[in-house]
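Observations on chain architecture
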Amino acid sequence: MSFIKKIENDIKIIMNKLGYDIEKVTLVVSNRPDLGEYQINDAMKLAKIYKKNPREIATSILEELKKDARFVNVNIAGSGFINLSISKEYLIECTNKTIENVYNNIDLPEKKKIIIDYGGANVAKILHVGHLRSANIGEALKRLAKFLGQEIIGDVHLGDAGLQAGIVCLEMKDRYPNLICFKSDYQGEDFELPITSEDLSYIYPEGSTRIKANEELLHEARNITYLIQKGHLGYCKLWDKISSLSIKTIKEIYEELNATFELWEGERLTFDVIPEMLNLLDKKGLLYISEGAKVMDVKEDSDDKEMPPIILEKSDGAYLYGTTDLATIYSRMKRFNPDEIWYVVDNRQELHFNQVFRAAYKSGIVKENTSLQFLGFGTMNGTDGKPFKTRDGGVMSLPNLIDLVNEETLKKLNPTITDPKEKKDISRTIAISAIKYADLIPYRSTDYIFDPNKFSDLEGKTGPYLLYSTIRMKSLLNKAKEKNMVFNIIKTIKNEYDKDIMLNILNLSSTITKAYESKSLNELTDYIYKLTSSYNKFYSENRVLDEENYDLRESWLVLTKLVLDINILLLNILGINCPEKM
Ligand code: ARG
C-alpha cells in the first residue's frame, strides 16, 4: 500500500470509530494547497447515508483528526470538505526510518523457485527488435524477483532447431561442397568452419530467399532440419559449429544489453527427451493421428475461441515448435521442479503457449500447483504503426538499432568529453539506457512507438535524463564529503518540495510490490521518473552546499542520498548502467 493509501486507511479507521462506515475514504490532492495538501470529500456521502448535515459529520471527523499529531492544518471548507496536511515531523520520522535501508518495509512475496524463459534468440539469424523487449523485460523481471528473495533461473531458450538449421546447412553445402561433413563416409572428424560470424549475417537471409523461390530446395532444407533432429552426424557437427559461432555474437549483444542468463539452453537440447515424452502421452491415450501427424486435443468446454489441437510430430516424423516447448517443460520439471515458469514472449505467440500449457497440465507433465505464466509483450512499432523496420523496410537488427540511437546520444554528448574511447563508451552506455528505459515505460503488453530522437533526449521521461540526474546527485554528495559535511539524519525541512520528495521515497515499497504483482516494469519506470523529477524541482530551487542552516543542509544531503540510493537500486533492477560522467 502506498504511503498515502495507508494514511487514507487510518482515516477510515478513525471514521469507523465515530460510527461512520463507507467502503473507502479518498484522500485527494487538494487543488487549494493554501487550505491543505489533501482533501477528504466523503462527508457528503456519509451525510446521505446517515441523514445528517455534512458539516456536522465533517466537524466530528475534524475533532478526531486534530487529536492525531500526524495531521496538521485540519480545517473544514464549504459545506463539509475536510482539508488537511501531513505533518512534516511525521514525514521526517517515517523517512528517517528508511535511511538504514531504503526498502526496509517491503513486503516479500511467498518464496518460490522460478524459471524465466526470455531472450529467445534464434541461432544463425540476426537478433531483431522483437528480441529486444524479451531481453529487457525478462532481465528486469528476473532482477526484481531476485531482489525480492525469489530463487529464479533465467534460460535464454535459443531457437536452434527450426527450419533455419536446414537452410543454413544447405547454403553451406552449396558454397562449400567439399567440407568433410558432407562426405557420405563422414565419421565425425573435426574440421575448420570456413566462415566468420559476419558471414552468418547474410548466409541465412540469402538461403532463405533461395528456398522461397524453389520448392525443391525448401524440401531439402526441411529434410536437413529433420536429419539434425534425428542426430545425423555430418549435419549435426556442422550445425554445432555454426551454433557456437552464432552464439558468440548473440552473447555479445546480450552483454551490451545487460542481459545475463544462467542457462544457455535451447530447443535442440530437448531431442533426447522427446521420444520419452511422446511415449508418456501415448500411454495416457492423449495422442491420436490426424492426417498422418501425432496430435493432442487441448480444447476445453468453456472455450469460446477456436483452440486447435497441438501437433507434436509431423507425418514425416519431424518435431515442431510445440513439441520442443512441451519437452522443455518436461525436462525443466524433472531437473529443477520449479513452482513457476514465466515466458517473456511476444503477445503474438499467446495461442502457441496456451496450447503448450494446456498439454502440460492435461498430461500431468506439470501439476496443478505449478504455475505456467505467459507474460506477453507488445510490439515496438515505427511511426507507421507497424513493427519498427529499417529505412528500406527490412528487418531492423538489434545492433543496427543500438547504432541508430547511439548516433543521437553521440550528438548530445557533453562536449567536454573528448577522449575518443571515453566518448564511445559513455555514448554507448547512454544509448542503451535510452533504449532500455523507453522499452520498459509502456505497460508490458502494450505496443509502443520507437522514437530514437525523443528517447535519447536529456529532458523528459528518458533514460539519459535519469542518468544525468543520478550523476549530479552523486557529484553533489561527493562534494559534500570533500567538505566533510555530515549527513546522518533528516532534522528539518523547508517546504513542499522537500515533502514531495519524502512522499515519493515512502512509496518505494508499494511500487515494487505492484511491479512484481503485475509483472510489468512500467510501475518502476514511472516511479523513478517521479522521484527524480521531484528531486530535480527541489534542486533547482535550492543551493544545497551553500545552505547556512546546518540542520537544513544536513537534511537535504540525506534526502539526496536517499534518492540516489533508490535510483541506483532501481536502475540496477531495470538493468540500466550509469556512467561516471556524461
Ligand atoms: N525463438 C523464439 C522467437 O524468436 C522465441 C522463444 C520463446 N521461448 C520459448 N520457450 N518458445 O520467436
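Reading guide: rules and limits
- Residues numbered from 1 in each chain as written.
- Predicted model: local features only at pLDDT ≥ 70, side-chain atom pairs only at ≥ 80, totals over all residues.
- Heavy atoms only, no water.
- Core = buried A, V, L, I, M, F, W, Y, C linked by side-chain atoms within 4.5 Å.
- Buried < 20%, exposed > 50% of the residue type's maximum accessible area, 1.4 Å probe, protein only.
- Helix = DSSP H or I, 4+ residues; strand = E, 2+ residues; numbered from the N terminus.
- Contact = heavy atoms within 4.5 Å.
- Pairing = 2+ DSSP bridges.
- Axes fitted to C-alpha atoms, helices over the stretch in contact; angles between N-to-C directions.
- Salt bridge = Lys/Arg side-chain N within 4 Å of Asp/Glu carboxyl O.

Core analysis: the biggest nonpolar cluster contains 157 residues, and I11, L65, M172, L238, L401 and L570 have the highest contact counts within it. Element by element, the count of residues in this core is highest for helix α20 (residues 550–574), at 14 residues. The residues contacting I11, other than those within four sequence positions of it, are V25, L27, I40, L65, F71 and L84. One finds F271, Y330, I341 and F374 within the second-largest nonpolar core, a separate group that totals 36 residues.

Taken in spatial order, the four strands of this open sheet run β1-β2-β4-β3, and their pairing is antiparallel. In the strand order of this sheet, the two ends are held by β1 (27–29) and β3 (71–77), each with one partner. Neighbour-to-neighbour, the strand axes of the sheet open up by a mean angle of 30 degrees, direction not taken into account. Sheet topology note: the strand β2 (residues 38–40)/strand β4 (residues 81–86) ladder contains three bridges and is antiparallel. Bridging from a neighbouring strand, Y38 pairs with L84 of β4. Running over the sheet, helix α1 (residues 3–17) touches β1, β2, β3 and β4 and is turned about 135 degrees from β1. Contacts from helix α3 (residues 54–67) reach β2, β3 and β4, with the element oriented near 170 degrees to β3.

Looking now at the pattern of salt bridges. Under the defined criterion, the tally for this structure stands at 39 salt bridges. Where D10 meets R70, a salt bridge forms, and the shortest distance between an N and an O atom there is 2.7 Å. Here D10, found in helix α1, pairs with R70, found in the loop between α3 and β3; they are 60 residues apart in sequence, far enough to count as distant. For D10, a relative accessible area of 25% translates into the label partly exposed. Judged by relative accessible area, R70 falls into the buried class, the value being 17%.

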